[in-house]
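A structural walkthrough
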Amino acid sequence: MAGGHRLLLENARQVVLVCARGERFLAGAALRSLEVLEGASLVVGTDGFIKAIGPADAIQKQFSEETFEERIDCSGKCILPGLVDAHTHPVWAGERVHEFAMKLAGATYMDIHQAGGGINFTVERTRQASEEELYSSFQQRLGCMMRAGTTLVECKSGYGLSLETELKMLRVIERARRNLDIGISVTYCGAHSVPKGKTASEAADDIIKNHLPRLKELGRNGEIHVDNIDVFCEKGVFDLDSTRRILQSGKDTGLQINFHGDELHPMKAAELGAELGAQAVSHLEEVSDEGIAAMATARCSAVLLPTTAYMLRLKQPRARKMLDEGVIVALGSDFNPNAYCFSMPVVMHLACVNMRMSMPEALAAATINAAYALGKSHTQGSLEVGKQGDLIIINSPRWEHLIYQFGGHHELIDYVIAKGKVIYKK
């Protein structure tokens, strides 16, 4: 029967499916090689979901009578799933290039934090900024991410700390979620730092008694949608007990647990995440062997952030050990004023070189496993019939060029497509 479809991508040299059997994540031996079709075509329906993928001639026969709103000849090119950035802090005012200079001169992250810089500096500037200013810079940053191939991004609040400014940030994220083509997973991160004049325990009480009930109410009214809850579990920030109370309270409100752990000091955060049924724990530079084993058993994903370890000159997270033990490893850019990187292709390259991941492991970590970390791998993160038509087309005969060409994504990426709609064309 003849009918209309949104998009036909014809005759690609390679189509990287990543998964082909509906897997929600890839771990262990499944990461050795990804599912790739050669000489293939792909069809996205008017509903934005993938209708067919297969050998170019078979697709041509099957759809010969049908019309398409758009056809793209992909001869000599590769089609990959849209990239998923599982960890960002993209709403803020007041850049910290002066702190980058201090770090280069030898100051540590905590030196700067304790001198009132770091998160505190950004909190001050974000509190002063209007919603319009924040939205304008946020929208530009999302555009940069999208042009680097990202079609789904996790966005955290956390530079407000006070309920009023946290809600301002969440309203900004909500506006983008409704208006822009890029997919957004929203994280409430009110426990990003302990506000001046409070202890960690008092800050936790405030979040549990005041912030979370207000978020629940705004969610019920359909004003603000939040997916995840995050806490910066760290020595001198939120201790394990305060972290547990906040995360459990968020989970009871219906939020997925997805938090910062074991970054600068071993805190047993990974063990806590496994115990609480967290969807993801980020950072993990200082994770214990027990924490790694617990995360593997609990199917709690590890969101590794190669840019942070690189820029702060921290020890690299033990990606190889995690992979060998069967942990679900995902990647994020950790875009924030302390790690200014929009590009998941650069993140994948750093993951391969500095964390010793293979290219298939890195691509899976930036697609299906990053989607899993956000609880969205049933609809995003791979190219399979029935999943969302989020994809990128690169001008190269082999998909590995996206990782191999360090910093080269501007020249490589020809198209970025979300729900079958071209949202960027070079």
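Residues numbered from 1 in each chain as written. Predicted model: local features only at pLDDT ≥ 70, side-chain atom pairs only at ≥ 80, totals over all residues. Heavy atoms only, no water.

The protein chain carries the name Probable imidazolonepropionase in an unreviewed UniProt entry, which gives Rangifer tarandus platyrhynchus as its organism. What the UniProt record of the protein chain gives under Catalytic activity (unreviewed entry) is the line "4-imidazolone-5-propanoate + H2O = N-formimidoyl-L-glutamate". (UniProt positions renumbered as here; feature names shortened; annotations may be inferred.)

UniProt annotation of "domain: Amidohydrolase-related" (unreviewed entry) refers to residues 79-422 when read in the numbering used here. Helix makes up 45% of residues 79-422 and strand 17%, with an end-to-end C-alpha separation of 13 Å. (Helix = DSSP H or I, 4+ residues; strand = E, 2+ residues; numbered from the N terminus.)

Residues Ser 301 and Val 303 point to one face of strand β12 (residues 301-304) and Ala 302 and Leu 304 to the other, with burial holding for every one of them. Across three bridges, the pairing between strand β11 (residues 280-283) and β12 is parallel. By the bridge assignment for β12, Val 281 is matched with Ala 302. Handedness of the β-α-β unit built from β11, helix α10 (residues 289-298) and β12 comes out right-handed. (Buried < 20%, exposed > 50% of the residue type's maximum accessible area, 1.4 Å probe, protein only. Pairing = 2+ DSSP bridges. Right-handed = clockwise from strand over helix to strand, strands pointing away.)

Judged by nonpolar contacts, the single largest core of 110 residues is most densely connected at Ile 184 and Leu 331. Ignoring any residue separated from it by four or fewer positions in sequence, one finds Ile 184 in contact with Phe 138, Leu 142, Leu 152, Val 153, Cys 155, Ile 173, Ala 176, Arg 177, Asp 227 and Lys 376. Among the nonpolar cores identified, the runner-up in size contains 17 residues, and Leu 9, Val 15, Ile 72 and Ile 393 belong to it. (Core = buried A, V, L, I, M, F, W, Y, C linked by side-chain atoms within 4.5 Å. Contact = heavy atoms within 4.5 Å.)

Here the focus is the packing of aromatic side chains. If you walk through the whole model with that rule in mind, you get seven aromatic pairs. Consider the rings of Phe 335 and Tyr 340, whose centres lie 4.9 Å apart with planes at 75°: the pair is edge-to-face. Its relative accessible area of 46% is what places Tyr 340 among the partly exposed residues. Arranged with centres 5.3 Å apart and planes meeting at 80°, the rings of Tyr 340 and Phe 342 form a pair that is edge-to-face. Taken together, Trp 92, Phe 335, Tyr 340 and Phe 342 form an aromatic cluster joined through their ring pairs. In this arrangement the basic side chain of Arg 141 is found over the ring face of Trp 92, its NZ or CZ atom lying 3.7 Å from the centre. (Phe/Tyr/Trp six-rings, centres within 6.5 Å; stacked < 30°, edge-to-face > 60°. Lys NZ or Arg CZ within 6 Å of the ring centre and 35° of its normal.)

Judged by pairing direction, the sheet is parallel, and its eight strands sit side by side in the order β6-β7-β8-β9-β10-β11-β12-β13 without closing on themselves. One side of each edge strand has no neighbouring strand; the edge strands of this open sheet are β6 (83-85) and β13 (329-331). Direction aside, neighbouring strands of the sheet carry axes that sit 25° apart on average. Sheet analysis places β12 next to β13, joined by three bridges and oriented parallel. Bridge pairing links Val 303 to Ala 330 in β13. Its contacts with the sheet place helix α7 (residues 200-220) against β8 (183-191) and β9 (228-233), and it is angled at close to 155° to β8. Helix α9 (residues 269-276) contacts β9, β10 (256-261) and β11 of the sheet and is inclined by roughly 175° relative to β10. (Axes fitted to C-alpha atoms, helices over the stretch in contact; angles between N-to-C directions.)

With that settled, the discussion passes to the side chain of Ser 333. The residue Ser 333 is located in the loop between β13 and α13 (344-354) in this model. The buried category is assigned to Ser 333, whose relative accessible area is 0%. A polar atom in the side chain of Ser 333 sits 3.1 Å from the backbone nitrogen of Phe 335. Setting aside chain neighbours within four positions, we find Ser 333 in contact with Asp 85, His 87, Thr 88, Leu 305, Thr 307, Cys 341, Met 344 and Val 347. (Polar contact = N/O pair within 3.5 Å; in protein donor to acceptor, adjacent residues only side chain to side chain.)

Interaxial distance between helix α6 (residues 163-179) and α7 falls to 11 Å at its minimum, and their mutual angle equals 35°. Relative to α7, α6 is oriented so that their crossing is right-handed. Listed contacts from α7 to Leu 163, Leu 167 and Leu 170 of α6 are Asn 210, His 211, Arg 214, Leu 215 and Leu 218. Of the residues assigned to the contact of α6 with α7, the class counts are five nonpolar, two polar and one charged. (Left-handed = near helix turned anticlockwise from the far one by under 90°. Nonpolar A, V, L, I, M, F, W, Y, C, P; charged D, E, K, R; others polar.)

What follows concerns α9. Of all eight residues that make up α9, seven are buried, and the element is covered over most of its length. Buried within α9 are the following residues: Ala 269, Ala 270, Glu 271, Leu 272, Gly 273, Ala 274 and Leu 276. Downstream of α9 by one or two residues, Gly 277 has phi in the positive range, about 75°.

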